[in-house]
Amino acid sequence: MKRFCLKTGEIVTIRVAEKSDAKELIGVVNRIGEESEFLTFGRGEFKMTVEQEEAYLEAVSKQSNSVYFVAEINGKIAGLVSFAGGTRPRTEHTGELSVSVLKEYWGMGIGRRLMEELIEWAKGTGIIRKINLRVRKDNERAIRLYKKLGFTESGIISREMQVNGVFYDNLCMGYEIDPD
Ligand SMILES: CC(C)(COP(=O)(O)OP(=O)(O)OC[C@H]1O[C@@H](n2cnc3c(N)ncnc32)[C@H](O)[C@@H]1OP(=O)(O)O)[C@@H](O)C(=O)NCCC(=O)NCCS
């Protein structure tokens with residue numbers, strides 16, 4: 001668990017998500033889906049039930065190569081980062097990251113802190129050797145954050161998203177981890 005202070009004076013706690021966060025997380029993820037045009041789902045399109053989300057969080061907590069962190073402000077979830085590691089021996093060293101913050105908190109450093117926590121965790125696992133992510137090519141805010149943290153571009157997947165008949169390309173980015 002980590003704590004830091006925003007410029008507003010509010011305290012942010014970064015901690016591992018628990019099964020009991022399931023209901024709130026569904027609400028937060030749906031809200032971010034409404035607030036941002038860059039996620040793979042829009043308003044009302046994140047259809048996990050509380051039971052499914054609970055089961056997911058429980059499964060993640062049992063996998064040494066997967067994790068789910070939340071950023072909490074005044075007891076409420078304001079952001080999240082998750083990493084799902086591969087389930088087979090040949091892919092367990094790698095996995096995909098996803099990060100999101102509620103719009104009212106954008107640009108305050110929460111996304112960066114969540115990503116730093118995830119990178120520190122990944123290094124500490126001794127298993128993870130590569131963090132992958134996909135980001136819409138026009139998501140400048142996210143791409144700038146990833147580059148600042150050392151992620152490099154590895155290619156484009158064309159037409160990976162379609163919103164109202166318009167195709168969008170995704171940029172693949174990655175962060176390699178080598179033992180010290
Ligand atoms: C992308 C996202 C996670 C970034 O989180 P955040 O808390 O706003 O980011 P931070 O405040 O930590 O900013 C980190 C960096 O982002 C960049 N950034 C912040 N605000 C920015 C802006 N308005 N324009 C461009 N870049 C910006 C800067 O490089 C910043 O570094 P700094 O420390 O020098 O300010 C957040 O905006 C978000 O959830 N967006 C919607 C969902 C999404 O796009 N998720 C990523 C999907 S791949």
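The coordinates are above.
What comes next is a walk through the structure.

Reading the values: the criteria
Residues numbered from 1 in each chain as written. Predicted model: local features only at pLDDT ≥ 70, side-chain atom pairs only at ≥ 80, totals over all residues. Heavy atoms only, no water. Helix = DSSP H or I, 4+ residues; strand = E, 2+ residues; numbered from the N terminus. Rg over C-alpha atoms; globule rule 2.2 N^0.38 Å. Buried < 20%, exposed > 50% of the residue type's maximum accessible area, 1.4 Å probe, protein only. Axes fitted to C-alpha atoms, helices over the stretch in contact; angles between N-to-C directions. Parallel < 35°, antiparallel > 145°, perpendicular 65-115°, else oblique. Contact = heavy atoms within 4.5 Å. Near = heavy atom within 4 Å. Polar contact = N/O pair within 3.5 Å; in protein donor to acceptor, adjacent residues only side chain to side chain. Areas by Shrake-Rupley, 256 points an atom, 1.4 Å probe, with all protein chains shown as cover. Nonpolar A, V, L, I, M, F, W, Y, C, P; charged D, E, K, R; others polar. 1 Å grid on protein atoms, 1.4 Å probe; cavity = no way out; pocket = protein on both sides within 12 Å on 5 of 7 lines; lining within 4 Å. Points joined across faces, edges and corners; volume = space filled by probe spheres on them. Salt bridge = Lys/Arg side-chain N within 4 Å of Asp/Glu carboxyl O.

## Describing the overall build of the protein chain
A tally of regular secondary structure across the protein chain gives 4 helices and 8 strands. Ordered by position from N to C terminus, the α and β elements of the protein chain give β-β-α-α-β-β-β-α-β-α-β-β. The C-alpha atoms of the protein chain give 16 Å as radius of gyration, which agrees with the globular expectation for 180 residues (16 Å, within 12%). With respect to the principal axes defined by its C-alpha atoms, the protein chain has extents near 45 × 40 × 35 Å. Counting across all 180 residues of the protein chain, residues that qualify as buried make up 43%.

## Things to note about the packing of helix H1 (residues 22–35) against helix H2 (residues 50–62)
Contact geometry of H1 with H2 gives a least axis separation of 8 Å together with a crossing angle of 105°. By the angle class used here, H1 and H2 are roughly perpendicular. Residues Ala-22, Lys-23, Leu-25 and Ile-26 of H1 form the contact with H2, whose participating residues are Val-50, Glu-53, Glu-54 and Leu-57.

## Topic: the side chain of Glu-117
Following the sequence through the fold, Glu-117 ends up in helix H3 (residues 110–125). Given the relative accessible area of 12%, Glu-117 is considered buried. Excluding residues within four positions of it along the chain, Glu-117 makes contact with Lys-2, Ile-14 and Phe-69.

## Quick notes on the site of the ligand
Among the 22 residues in the neighbourhood of the ligand, the closest are listed as Val-101, Gly-109, Gly-111, Asn-139 and Lys-148. Between the ligand and Lys-148 there is a distance of 2.2 Å, counted from an oxygen atom to a side-chain nitrogen or oxygen. Look at the ligand: alone it shows 930 Å² of surface, and the protein chains cover 81% of it. At 6 residues, the largest contribution of residues to the shell around the ligand is made by helix H4 (residues 140–148). The class makeup of the residues in the shell around the ligand is 11 nonpolar, 6 polar and 5 charged.

## Some points on the layout of surface pockets
The computed volume of the largest pocket comes to approximately 1,400 Å³. Counting residues per element, the ones that place at least two in the lining of the largest pocket are H1, H2, strand E4 (76–85), strand E5 (94–101), H3, strand E6 (130–136), H4 and strand E7 (152–163). Sort the elements by how many residues they give to the lining of the largest pocket and H4 lands first, with 7 residues. For the lining of the largest pocket, a count of residues per class yields 25 nonpolar, 10 polar and 10 charged.

## Things to note about the environment of Ile-156
For Ile-156, the location among the structural elements is in strand E7. Excluding residues within four positions of it along the chain, Ile-156 makes contact with Lys-137, Asp-169, Asn-170 and Leu-171.

## Some thoughts on the pattern of salt bridges
One pass over the structure, following the stated rule, counts 16 salt bridges. Note that Glu-37 is salt-bridged to Arg-136, the shortest N-O span being 3.5 Å. Taken as a pair, Glu-37 in the loop between H1 and H2 and Arg-136 in strand E6 lie far apart in primary sequence, 99 residues in all. In this structure Glu-37 comes out as exposed when scored by relative accessible area, which is 53%. Using a relative accessible area of 3% as the deciding quantity, one classes Arg-136 as buried.

## Some words on the side chain of Asp-21
Position of Asp-21 among the secondary structure elements: in the loop between strand E2 (11–16) and H1. When residues no more than four places from it in sequence are discounted, the contact partners of Asp-21 are Arg-15, Val-16 and Ile-77.

## Quick look at unusual backbone geometry
Its identity is not glycine, yet Asn-74 carries a phi of approximately 50°, on the positive side. Here Arg-159, not a glycine, exhibits a phi torsion of approximately 55°, which is positive. Under the relative-accessibility criterion, Arg-159 is labelled exposed at 55%.

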